[in-house]
Amino acid sequence: MSEYLLEFDGVDYSYPMATAPALQGLSLRLPKYKKTALIGQNGCGKSTLFLIADGLAKPDRGTVTLDNVPLKFDRAALQRWRQRVGLVFQDPEQQLVAPTVAADISYGLFNQGLSEAEVAAKVMQTLADFNLESLAMSPLQHLSLGQKKRVSIAGVMALQPELLLLDEPTAYLDPVQTRNLLLELEAIAKRGTTLLIATHDLDFVYQWADWVLVMERGQLVAEGETLAVFDRLQSLPDFKLGMPILWQMWSRLSARMPAVPAPRSIDEFTKYLENYRSLTDPPA
Ligand SMILES: Nc1ncnc2c1ncn2[C@@H]1O[C@H](COP(=O)(O)OP(=O)(O)OP(=O)(O)O)[C@@H](O)[C@H]1O
Ligand SMILES: [Mg+2]
């Protein structure tokens with residue numbers, strides 16, 4: 001069995017009428033059971049990659065496989081694929097289909113062929129998990145953008161896909177809802193869901209991801225374990241997204257530190273500083 005779940009090999013994709021391709025020879029691998037982040041500038045092709053990974057757009061060239069099984073575009077194959085792969089769109093308006101919050105969450109569950117009682121139980125649980133109980137009967141058009149985003153995430157997570165693709169999941173969320181989402185994601189990662197998140201928040205990526213993919217102009221320019229990727233990006237002259245704050249602080253201090261792995265959280269960072277107090281002491 002492969003250690004990678006989703007693989008792209010030489011994928012090209014152009015939108016109808018577009019002057020330039022959105023993806024050009026894109027090859028990548030997504031490690032199973034890991035938390036992967038996808039980063040890259042606006043327009044580099046992240047959302048397009050997601051549409052293809054969920055079978056919503058067909059590559060002009062190249063192959064996409066899930067556990068070595070190629071993506072096919074007949075109805076039955078697509079249905080099976082989408083039972084395994086869940087996509088949360090960047091724009092929640094594109095995702096939500098039903099008149100109310102509860103109806104929207106139940107929509108996908110009914111499509112999975114669950115009984116009415118099973119659907120009702122899962123909807124209740126999902127509303128509770130995502131703090132949406134008070135909005136259950138609200139019409140979707142009355143919700144704020146952040147609330148819509150939460151409903152769209154809840155609706156996909158309720159389906160418990162094997163691979164969960166989230167396009168900018170924390171965009172529009174306030175800090176409380178962001179923390180809640182991260183706890184939910186942590187719990188489902190522990191249950192064995194493979195996660196891919198596209199985001200512009202490099203501080204989040206640095207602390208959260210096991211693996212990082214970096215795109216530029218429709219291609220992959222770096223992939224690998226988080227620390228190794230940021231170390232490499234720093235030396236790429238064309239990389240313009242900046243670096244995570246923790247990484248920057250550590251890179252300034254590390255020459256004076258013993259050779260230890262770079263800290264990936266504020267807690268770890270503080271521990272290092274406490275252990276190596278001499279750093280902050282004035283020279284004798
Ligand atoms: N529906 C569309 N029709 C034509 N071109 C499109 C369409 N959607 C995206 N594109 C183009 O495809 C390229 C990749 O867009 P994509 O939305 O995948 O980028 P992205 O990395 O998700 O950007 P962002 O960080 O802004 O979300 C861009 O050049 C964009 O202009
Ligand atoms: Mg996008």
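For the structure itself, look to the data block above.
Every value quoted in this text rests on a predicted model; they were computed, and no experiment measured them.

Quick look at the pairing of strand β1 (residues 4-13)
Then, in step 1: Where burial is concerned, most of β1 is hidden: eight out of the ten residues are buried.
Then, in step 2: Pairing of β1 with strand β2 (residues 23-31), which is carried by six bridges, proceeds in the antiparallel orientation. By the bridge assignment, Glu 7 is partnered in β2 with Arg 29.
Then, in step 3: Where β1 lies against strand β4 (residues 61-66), five bridges are found, and the strand directions are antiparallel. Bridging across to β4, Asp 9 finds its partner in Thr 63.

Here we look at the coordination of the magnesium ion (ligand 2)
Octahedral six-donor coordination of a metal ideally yields angles of 90 or 180 degrees, compared with 109.5 degrees for tetrahedral four-donor coordination.
Then, in step 1: Around the magnesium ion (ligand 2), the protein supplies Ser 47 (OG) and Gln 90 (OE1) as donor atoms, at distances of 2.1 Å. One end of the pair, Ser 47, is in helix α1 (residues 46-53); the other, Gln 90, is in the loop between β6 (85-88) and α3 (92-95), and 43 residues separate them in sequence.
Then, in step 2: Residue classification places Ser 47 among the partly exposed residues on the basis of a relative accessible area of 26%.

Topic: the site of ligand 1
Then, in step 1: The environment of ligand 1 is formed by Tyr 15, Ala 22, Gln 41, Asn 42, Gly 43, Cys 44, Gly 45, Lys 46, Ser 47, Thr 48, Gln 90 and His 200.
Then, in step 2: Backbone polar atom of Cys 44 to an oxygen atom of ligand 1: 3.3 Å apart, as the coordinates give it.
Then, in step 3: In the environment of ligand 1, an oxygen atom lies 2.5 Å from a nitrogen or oxygen atom belonging to the side chain of Thr 48.
Then, in step 4: When isolated, ligand 1 has an accessible area of 640 Å², and the protein chains bury 60% of it.
Then, in step 5: When its residues are assigned to classes, the shell around ligand 1 shows three nonpolar, eight polar and one charged.

Some points on the packing of helix α10 (residues 245-253) against helix α11 (residues 266-275)
Then, in step 1: Running from amino to carboxyl end, α10 crosses α11 at an angle of 20°, the nearest separation of the two axes being 11 Å. Taken together, the axis directions place α10 and α11 in an arrangement best described as roughly parallel. The element α10 and its partner α11 pack so that their crossing is left-handed. Contacts from Leu 246, Met 249, Trp 250 and Leu 253 in α10 reach Ile 266, Phe 269, Tyr 272 and Leu 273 in α11.
Then, in step 2: Considered class by class, the residues forming the contact of α10 with α11 number eight nonpolar, no polar and no charged.

A short note on the pattern of salt bridges
When charged atoms on two side chains of opposite charge get close, those side chains can pair.
Then, in step 1: Tallied over the full model, the rule gives seven salt bridges.
Then, in step 2: Between Lys 32 and Asp 67 there is a salt bridge, with the nearest N and O atoms lying 2.8 Å from each other. You can see Lys 32 sitting in the loop between β2 and β3 (35-39) and its partner Asp 67 sitting in the loop between β4 and β5 (69-70), a full 35 residues away along the chain.
Then, in step 3: Overlapping salt bridges bring together Lys 32, Asp 67, Arg 84 and Glu 162 as one network.

About the thresholds
- Residues numbered from 1 in each chain as written.
- Chains lettered and ligands numbered in written order.
- Predicted model: local features only at pLDDT ≥ 70, side-chain atom pairs only at ≥ 80, totals over all residues.
- Heavy atoms only, no water.
- Buried < 20%, exposed > 50% of the residue type's maximum accessible area, 1.4 Å probe, protein only.
- Helix = DSSP H or I, 4+ residues; strand = E, 2+ residues; numbered from the N terminus.
- Pairing = 2+ DSSP bridges.
- Donors = N, O, S within 2.8 Å, 3.2 Å for Na, K, Ca; no water.
- Near = heavy atom within 4 Å.
- Polar contact = N/O pair within 3.5 Å; in protein donor to acceptor, adjacent residues only side chain to side chain.
- Areas by Shrake-Rupley, 256 points an atom, 1.4 Å probe, with all protein chains shown as cover.
- Nonpolar A, V, L, I, M, F, W, Y, C, P; charged D, E, K, R; others polar.
- Axes fitted to C-alpha atoms, helices over the stretch in contact; angles between N-to-C directions.
- Parallel < 35°, antiparallel > 145°, perpendicular 65-115°, else oblique.
- Left-handed = near helix turned anticlockwise from the far one by under 90°.
- Contact = heavy atoms within 4.5 Å.
- Salt bridge = Lys/Arg side-chain N within 4 Å of Asp/Glu carboxyl O.

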